[in-house]
Structure formats: structure tokens, C-alpha cells
Amino acid sequence: MCVLYATLIFPFYRSNLRHLPTPPGNFLLGHTLSFVLASSANALPLRFMRSALDAPLIRILHAFGSEWVLVNGVEATREIWQSNVRAFKRPDFFKKAIVEIAGVGMVGLEGEAHRVERRAFAVPFSLGGIKKLVPLFNAKAAQLSSRIKTLVRRSNGEPIDAHGIFTKTALEVVGLATLGVEVDSLSIGGYTFADLYHRILDPPPLGQIIFAINLFIPIRHWLPLQENRKFVQANQCLSIMLQRVISERKHEICALSRNAGVEDNSQTKDDRTDFLSFMIRENQWSEEEILGHLLSFMSAGHDTSALALTWATLTLCLHPSMQSRLRAEIQANLPANGRPSYTNLESLPFLNAFIKEVLRCFAPITFNPRTPINDTFVCGTLIPAGTPLLLSPQVLNFNPTIWGPDAETFDPERWMPGDERADMFPLSRDPFAMASFGYGPRICIGKAFAVAEIKSVIVEMVSKFEVVRGWDERGKKMMGRDLVKSVGDEDVFGGVEVKNFMTLKPKEGVWVNFRALDD
Ligand code: HEM
């Protein structure tokens, strides 16, 4: 009886949300199965957006009449992310997901506790803090070039998976910035730091299913499957490894303080710029809290940047003329020593436009939900407390009412000064239109870090290599350096398939031929 009411009566005759556009789904399961089986996490939200372009909110029916709301407009997003931000929190299932993969640091906090932590990290993530990190980004970018040359030699000129190499580099970058050590130097029981993160952030299909079920039914701690045990073990090993680094650093900084005769670590003269040393000097966090922050910076900060670099490389392969234009801009404006400063990196208009367009068309985070704490109005519709509001960056980033009819075309020109689309579609210049980093008090704290890091790596790549696509029309690695001739009518992914996951990951890598320009 209850099931009949929930599926046949409540959603259509009683629900507050029944007047919102609702794409038709299975009468019993709604869209639940379609979401699980979708080709990517963006597939359904984009389809729903295209079916109701002007609607600020779209209702999604799930199994047995449960309701979600897809946020589809700039105004609704602004209310949730900024003007009425205190009325919302992250849904419990989502918090559980991010705490599982990113620890209990800032990403898992809400309300006043979150505001206090954001303020505490304002200095290391400020522009001044990021400027100091640019030499580190440049050094790691140069190391990446050498690594690529070695891989090209070893592979006899066969394509290399760009996603794999950028993941390694982005983990090393965030590892150095966060911990102040090379992550390659850390290992436990024969596993490296990178192995453990790979298990957590890039699970095989069974691992993804366990992850999804565990969000709603707690199976993680008893499910006797090897894949599950591997995940739990990887998380434990990471924590042990990081706890060791924390204790060692604490001893070092305390010894420095003692030797200098100062009572308080914050007065210690120590020129380390990493976030761990900062936290120990500030002395306001327990070791457990420090561990939570480290885990969240490391996981929030490497997978995302690696994906942005991967998709940037894919677009460079698909648009060789953009590659040449970037190379010319870099050669004309940057110091010949190949070590650009933060100001240098910011001074290149086409690079700037190119990175923005990559982040618009390939938002690395696929969904970022919220829920009202109490019944709350959004754009005039009363949303019952607890209803999941699905904010999917790609839905705003591809909405033609915001960006114009070519919203789904990769075109950096739209960001260049004087492009007429800015006047024709003024909403596209609204900060809430570009949803890839979020906005408001919870905007990605690492945005400036990520953008500077991505620019530094792209400058190095484009200066040292020509990149040529090494995958065929179906996304598979090509052998024997065949070239796919027609790229004109392909979608933004150029045939590369993605996983149905929280981040926009390629299913089988993005295969690229790197041709050194100095050969
Ligand atoms: C291209 C790269 C990146 C993208 C696309 C990205 C995107 C995002 C998004 C969408 C959020 C959620 C915002 C919200 O809930 O409204 C977020 C939060 C966060 N990001 Fe990033 N991120 C990137 C890189 C980084 C880096 C490099 C770091 C650190 C070094 C970082 C650290 C964080 C943290 C700590 C949060 C939680 C902030 C809070 O809850 O206040 N991210 N990021």
C-alpha cells in the first residue's frame, strides 16, 4: 500500500515539487537504474537540462517516488551557493562519500566549524602563498618533461597515457606543497603513496559499485570481498604513513623552537612553506585534525588537477591550431629560461582563455549536491528539508541559455577580450555560470593553486612537445602511429569514453604521441 502511495499518488498529486518539469522514467524505479547504468555521471543531468532549458529547477524521480532536484539555472545556484548558503548543507550520503575518500578535513565540515577552518587556511591558499609555490610547479613540470622523454624512448614511439602521467605529477605537486616531502619517498608494506591513492580514487567497476552502495547502506566494514578489503586497507595505510610524517615534522619543529629558545612553535624561524609545517607552527590543530586536513588537500587537490591536464591535452590533440597559437604566445612572452613567475603565467590571454574553456567543457567534479536543512524556498519553489539538490557543474557550463547555441563546442575564443558572445549572452560572465570550482563561501579553496599549477604544466608541455592524438575514433590506443584524419564532427571527448564516477575520469586513458620539439 505504502509503495503504491509513494510511487503512484505522492509524486503526482501531493508533492510540493510536482509542478517542476519531470523527465519521464520507469514507473517504479524512476531514474535510479538509469543513473547507475549511465555512460557517465553527466549523461542524464545534461539530457534533463536540454529537455527544459529555461527551468531553474528540474525534478528527478528515483525509486519508489523519492525526489531529487536538478539545479539548472544561475539564479537558483546563486541562492544555494551564496545568498541563502546557511540554509543548505551537503547531504549525508555525499558527506560520507567524500569523507571516505578525502578524510574529515575541510570538505567534511559544515556551519561554524567550516567557517573557522576556512579562515585559518586563508594565508597558505592566498595569492601570496600560491606565488611562492610557482617555482615548485615549474620544477615538477620540468621533471615531467624528462619523464615523458624517457617513456617515449621506452615505448618506441607508441602513444602514452596522458592521464597516468599527469596523475603521478599532480600527486607529487600536491604532496610537496602539502607535506613538504616527495611522495615517492613514502611507502608502507611495499605500497607507494601513489599505489594507495590509485586504489582509493580509481577503483575498478566492482569497487565503484561497493562505493555507491555504501553511500546508502553501510557495508564497508563487514563486506568480505577482496576489493572492499583492499580499499579499507589502502585508507588505513595512508593514514599510518601520514601520521608518521606528522610526528616527525612535529619533532623537527619543536626541536627548532627549543634550540632557538622560543616557547611557541609559531615564533620559530622556519622557512618551510608546506601546509603541514604551517599547521604545526600555528599550533591550533590536534594530530588527528591535521591528518584529516592533509588527506583532504591531497585527494581534493591531485585527481582534479590531473584530470584538467588530461582533458587539456586531449583538446590540444584535437585542435592543433590552438596548440600552435599557445606555443607562439608562450615563446613571445615568457622568459627563455622556461621558469615563468606567477605574473608571467597570468599575462598570457590565450593560455588563460584556453584553461578556462578546458575547465568549462570538462569540469573535473561531476556533482556537488546540497540539501536544505529546513524547508526552504529556491527560486520560489518550496523544497522540503532533506531533498537532495543535484548541482552538476557541467549542466550550468553547457546550458545554451547561459552560453549561447554553441555552449557544447570547445572554443577558448569565447573568453578572449572583445568576443561578442560576452555581450550577447551576459549571463556567461556571471561568476555562478561557470560552476567547475563552485562559488560562494565553499568555493574550492585550491582554485588559485590549481590554475597556476595547470598553467605551469601546460606552458612546459607546449614549449617542449607537439602532442598528437594516439587514440582511435572509439577511444582505444592506436598502434603504429596511425593518425585519425577527421576530427571535425566529433564531440568534445573525441571518442574517449569516461567513467560514471564522482570525477570525470577517462575509462581507458587518453593516449597521446608526445613529439619532442628539440629532437
Ligand atoms: C582543477 C582542479 C580543481 C577543481 C576543478 C576543483 C573543484 C572543487 C569543487 C567543485 C569543490 C566543491 C565546492 C563546493 O562544495 O561548492 C572543491 C572543494 C575543495 N577543493 Fe578543489 N578543485 C580543484 C583543485 C583543488 C586543489 C589543487 C586543492 C588543494 C590543494 C583543492 C582543495 C579543495 C578543498 C580543501 C575543498 C573543500 C573546500 C570547502 O569545503 O570549503 N582543490 N574543489
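What you are looking at is a predicted structure, and each value in this text was computed from that prediction instead of being measured.

Draft legend 1. View of the coordination of the iron atom of the ligand. Among protein residues, the single donor to the iron atom of the ligand is Cys 444 (SG), with a metal-donor distance of 2.3 Å. Within the secondary structure layout, Cys 444 lies in the loop between helix H19 (421-424) and helix H20 (447-464).

Draft legend 2. Structural detail: the nonpolar core. If you look at the biggest cluster of nonpolar residues, it comprises 153 residues, and the most contacted ones within it are Phe 121, Phe 193, Trp 311 and Phe 362. A per-element tally of this core places helix H13 (residues 287-318) first, with 16 residues. Excluding anything up to four places from it in sequence, Phe 121 contacts Met 106, Phe 278, Met 279, Trp 285, His 293, Phe 297 and Ile 445.

Draft legend 3. Here's a closer look at the site of the ligand. Within the structure, the ligand sits among 28 residues, and Arg 90, His 114, Arg 118, Arg 370 and Cys 444 are positioned closest to it. Interatomic distance of 2.8 Å between a side-chain N/O atom of Arg 442 and an oxygen atom of the ligand. Mapped by element, the contributors of at least two residues to the shell around the ligand are helix H6 (111-120), H13 and H20. Per element, the largest residue contribution to the shell around the ligand is five residues, and it comes from H13. For the shell around the ligand, the residue count by class is 16 nonpolar, eight polar and four charged.

Draft legend 4. Geometry of the packing of aromatic side chains. A full pass over the atoms with the stated rule returns 22 aromatic pairs. Ring centres 4.8 Å apart and planes at 50 degrees place the aromatic pair Phe 125 and Phe 275 in the tilted group. Residue Phe 125 is located in the loop between H6 and helix H7 (127-154), and its partner Phe 275 is located in helix H12 (residues 275-282); the two are separated by 150 residues in the primary sequence. Among the aromatic residues, ring-to-ring pairing joins Phe 121, Phe 125, Phe 275, Phe 278, Trp 285 and Phe 297 into one connected group. Over the ring of Phe 231 we find Arg 220, and its NZ or CZ is 3.7 Å from the ring centre. Over the aromatic face of Trp 403 sits the side chain of Arg 360, whose NZ or CZ is 5.1 Å from the ring centroid.

Draft legend 5. Looking closely at H20. Across its 18 residues, H20 extends 26 Å between first and last C-alpha, which sits within 8% of the 26 Å expected from 1.5 Å per residue. By the criterion of burial, H20 is predominantly enclosed, with 14 of the 18 residues buried.

Draft legend 6. Expanded view of the UniProt feature "binding site: heme" (unreviewed entry) in the protein chain. UniProt feature "binding site: heme" (unreviewed entry): in the numbering of this structure it lies at Cys 444. With relative accessibility at 34%, the residue Cys 444 sits in the partly exposed group. Filtering out sequence-adjacent residues up to four positions away, Cys 444 remains in contact with Arg 118 and Phe 437.

Draft legend 7. Structural context of the packing of helix H14 (residues 320-333) against H20. In contact at an axis separation of 9 Å, H14 and H20 are set at 100 degrees when each is read in the N-to-C sense. Classed by the angle they form, the pair H14 and H20 counts as roughly perpendicular. Facing Gln 323, Leu 326, Arg 327 and Ile 330 of H14, the residues of H20 in contact are Ile 458, Val 459, Val 462 and Ser 463.

Draft legend 8. View of the sheet that holds strand S12 (residues 511-516). The three strands lie next to each other as S4-S12-S11, forming an open sheet whose pairing is antiparallel. In this open sheet, the two strands that pair with only one neighbour each are strand S4 (160-161) and strand S11 (465-469). Across two bridges, the pairing between S4 and S12 is antiparallel. Each residue of the ladder has a partner; that of Ile 160, found in S12, is Val 512. Against the sheet, H20 makes contact with S11 and S12, and its axis sits at roughly 90 degrees relative to S11, the strand it touches most.

Conventions we followed
Residues numbered from 1 in each chain as written. Predicted model: local features only at pLDDT ≥ 70, side-chain atom pairs only at ≥ 80, totals over all residues. Heavy atoms only, no water. Donors = N, O, S within 2.8 Å, 3.2 Å for Na, K, Ca; no water. Helix = DSSP H or I, 4+ residues; strand = E, 2+ residues; numbered from the N terminus. Core = buried A, V, L, I, M, F, W, Y, C linked by side-chain atoms within 4.5 Å. Buried < 20%, exposed > 50% of the residue type's maximum accessible area, 1.4 Å probe, protein only. Contact = heavy atoms within 4.5 Å. Near = heavy atom within 4 Å. Polar contact = N/O pair within 3.5 Å; in protein donor to acceptor, adjacent residues only side chain to side chain. Nonpolar A, V, L, I, M, F, W, Y, C, P; charged D, E, K, R; others polar. Phe/Tyr/Trp six-rings, centres within 6.5 Å; stacked < 30°, edge-to-face > 60°. Lys NZ or Arg CZ within 6 Å of the ring centre and 35° of its normal. Expected span 1.5 Å × (residues − 1). UniProt positions renumbered as here; feature names shortened; annotations may be inferred. Axes fitted to C-alpha atoms, helices over the stretch in contact; angles between N-to-C directions. Parallel < 35°, antiparallel > 145°, perpendicular 65-115°, else oblique. Pairing = 2+ DSSP bridges.

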